[in-house]
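Observations on chain architecture
Listed here are the chains, written in short residue letters.
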Amino acid sequence: MILGRSERGTPPVEPVTLKILVAGGFGVGKTTLVGAVSEIRPLRTEELLTEAGRPVDDLSGVEAKHTTTVAMDFGRITLREDLTLYLFGTPGQERFWFMWDELSEGALGAVVLVDTRRLEDCFAAVDYFERRSIPFLIAVNCFDGAARYPADQVRAALDLDDQVPLLMCDARDRRSVKDVLIGVVEHAMSQPADRRHAITM
């Protein structure tokens, strides 16, 4: 086959991957969110909760939870042929936080998932991303039966800076999760270039 002039002169396109973290407290819905939107079967590192962990795992509000993420969740979304979004769900329990530094390396931004019944559980994630200047968005996971609060009240309770986006979402719903991911990418891309990270593979 003889290539045309324009085809012959077109340089190959380098594939680009974007990395987004999904963080938040124990039982907030991180694994569910990654699974709702991933085009592949998500990689999950879940283990059964045990009696040994009962003294340190607060199940208030999530009494039906029987497993927990001990390393990470991983999902993938292909945005176009040369652009892929990787999702990394972080473990929520304090004893697994040592993994966050490794997972956050090269991240474009992060979603901090929030349960208003256990608002204090997300404080550590908010503090983590603020301290490391990683752009993040707050996504309030609207659980069935949980009280609904106006966005400005949640923002005040979290003492968020004005520029941090806050969205309501349903971590089970693909369209809702897509809106959250679009929001965090747009927020991250609006930041100065030195705060943005793209990984080429």
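This section reports on the structure supplied with the text. (Residues numbered from 1 in each chain as written. Predicted model: local features only at pLDDT ≥ 70, side-chain atom pairs only at ≥ 80, totals over all residues. Heavy atoms only, no water.)

1. Observations regarding the environment of Thr84
Defined as follows: We count a stretch as a helix when DSSP gives it H or I for four or more residues in a row; a strand needs E for two or more, and each element gets its number in order from the N terminus. Each residue is placed in one exposure class: buried if its accessible area under a 1.4 Å probe, protein chains only, is under 20% of its type's maximum, exposed if it is over 50%, and partly exposed if it falls in between. Contacts between residues were defined by any pair of non-hydrogen atoms, one from each residue, lying within 4.5 Å.
Residue position: Thr84 is located in strand E4 (residues 83-89). Residue classification places Thr84 among the buried positions, given a relative accessible area of 13%. Non-local contacts of Thr84, meaning those with residues more than four positions away in its chain, are made with Val16, Thr17, Leu18, Arg76, Ile77, Thr78 and Leu79.

2. Some details on the side chain of His187
Locating His187 in the fold gives a position in helix H6 (residues 174-189). Filtering out sequence-adjacent residues up to four positions away, His187 remains in contact with Pro135, Phe136, Gln163 and Pro165.

3. Description of the pattern of salt bridges
Condition: The term salt bridge refers to a pairing of a side-chain nitrogen on Lys or Arg with a carboxyl oxygen on Asp or Glu at a separation within 4 Å.
Under the counting rule described, the total for this entry stands at eight salt bridges. Taking the shortest distance from any N to any O, the salt bridge between Arg80 and Asp82 comes out at 2.6 Å. Two residues, Asp101 and Arg132, come together in a salt bridge whose shortest N-O distance is 3.6 Å. In this pair, Asp101 sits in helix H3 (residues 100-104) while Arg132 sits in the loop between helix H4 (123-131) and strand E6 (136-141), placing the two residues 31 residues apart along the sequence. Put simply, Asp144, Asp170 and Arg172 are held in one network by salt bridges that share partners.

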